[in-house]
Amino acid sequence: MARRPILVANWKMNLGRSDEALAFFRKIRSGLNEIKGVDLVICPPTTVLHQFAELLAPTRIALGAQNAHWEEQGAHTGEISPVMLAGVCQYVILGHSERRATGSNQETDEAINRKLKAALTHGLTPILCLGENLEQNRAGQTDAFVSGQVRAAFQDVEASLAASCIIAYEPIWAIGTGESASPADANRVIGLSVRGALAEIYGEDVAQQVRVQYGGSVTPENISAFMAMPEVDGALVGGASLKPQFVELARRAAAD
Ligand code: 13P
């Protein structure tokens, strides 16, 4: 089955001031807008989401948030609910390792499952992040860990909704380190552990529909090698999405 590739820029906690975000966007806008053959999504900080909803409306580029709570409203200081995002953006990153139990927000698998279901209920497309740390990788636990993360995230999610989700396999040791996984390893983990777990839960049809990205030190230099892998449907890009060369990266992602 041909899955359309998708490239997502995760700006993390950068370019969150309106003037700097706009200045950078002006540098990449026309270049990105010419690119066909790959879905493009920018996930800027929450502070500029509304501004980007307007900026991106006339372009081919979609908008995503970097997090959402599972509740619709209430006493959750500093959180953002899926209701607040619906109508502003189309995508939301969930379960990034920088927010999971390993990161700064202590998010558990259970919390991520609740967030995924809430996002889907409100019409947002989740970009679910998962991946093993260095210790797990070295101990040969990658496949068991990653498939466990898939099972936990999709608990009680119905098949038609699961099929619409994006998953990003991001080994923690590859994030921001300049040391990406090898394309062959990423391909193997995505095929075996991510799609394998999806197939166990939902069957092969759904497993083949879900778009799965690789993330972790993706650059203009290595993107083509990842895109050439049959299981890799795109990339979730951090650091390299903050540079004008992101346009070249996107061109190469579309070329394959
Ligand atoms: P880098 O591309 O900076 O390694 O970040 C990857 C990432 O965490 C994207 O979500």
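Residues numbered from 1 in each chain as written. Predicted model: local features only at pLDDT ≥ 70, side-chain atom pairs only at ≥ 80, totals over all residues. Heavy atoms only, no water.

## Observations regarding the packing of aromatic side chains
Phase 1: Per the stated rule, a full pass over the model turns up 6 aromatic pairs.
Phase 2: With centroids separated by 5.6 Å and ring planes inclined at 70°, the aromatic side chains of Trp-11 and Phe-24 adopt a geometry described as edge-to-face. Here Phe-24 lies in helix α1 (residues 18–33) and Trp-11 lies in the loop between β1 (6–10) and α1, a separation of 13 residues in the sequence.
Phase 3: Aromatic pair Trp-11 and Phe-52: ring centres 5.4 Å apart, planes at 85°, arrangement edge-to-face. Highlighted residues: Trp-11 in the loop between β1 and α1 and Phe-52 in helix α2 (residues 49–56), separated in sequence by 41 residues. When sorted by exposure, Trp-11 lands in the same class as Phe-52, which is buried.
Phase 4: Here the aromatic residues Trp-11, Phe-24, Phe-25 and Phe-52 are joined through ring pairs into a cluster of three or more. (Phe/Tyr/Trp six-rings, centres within 6.5 Å; stacked < 30°, edge-to-face > 60°. Helix = DSSP H or I, 4+ residues; strand = E, 2+ residues; numbered from the N terminus. Buried < 20%, exposed > 50% of the residue type's maximum accessible area, 1.4 Å probe, protein only.)

## Here we look at the state of the cysteines
Phase 1: Counted under the stated rule, the structure contains 0 disulfides.
Phase 2: A disulfide-free cysteine, Cys-129 has its sulfur positioned 9.1 Å from the sulfur of Cys-43, the nearest such atom.
Phase 3: The thiol sulfur of Cys-165 is not disulfide-bonded, and the nearest other cysteine sulfur, from Cys-129, lies at 12 Å.
Phase 4: When its relative accessible area of 1% is taken as the criterion, Cys-165 is described as buried. (Disulfide = S-S within 2.5 Å.)

## Remarks on the site of the ligand
Phase 1: Near the ligand lie 13 residues; those nearest to it are Lys-12, His-96, Gly-176, Ser-217 and Gly-239.
Phase 2: The side chain of Glu-170 places a nitrogen or oxygen atom 3.0 Å from an oxygen atom of the ligand.
Phase 3: Partitioned by chemical class, the residues of the shell around the ligand number 4 nonpolar, 7 polar and 2 charged. (Near = heavy atom within 4 Å. Polar contact = N/O pair within 3.5 Å; in protein donor to acceptor, adjacent residues only side chain to side chain. Nonpolar A, V, L, I, M, F, W, Y, C, P; charged D, E, K, R; others polar.)

## Describing helix α6 (residues 142–153)
Phase 1: In a regular helix each residue adds 1.5 Å, so 12 residues correspond to 16 Å; α6 covers 16 Å between its end C-alpha atoms and thus fits that length.
Phase 2: Taken residue by residue, α6 has Thr-142, Val-146, Ser-147, Gln-149, Val-150, Ala-152 and Ala-153 as its buried positions.
Phase 3: Buried residues in α6 make contact with α4 (109–121), β5 (125–130), α5 (134–138), β6 (166–169) and α8 (183–202). (Expected span 1.5 Å × (residues − 1). Contact = heavy atoms within 4.5 Å.)

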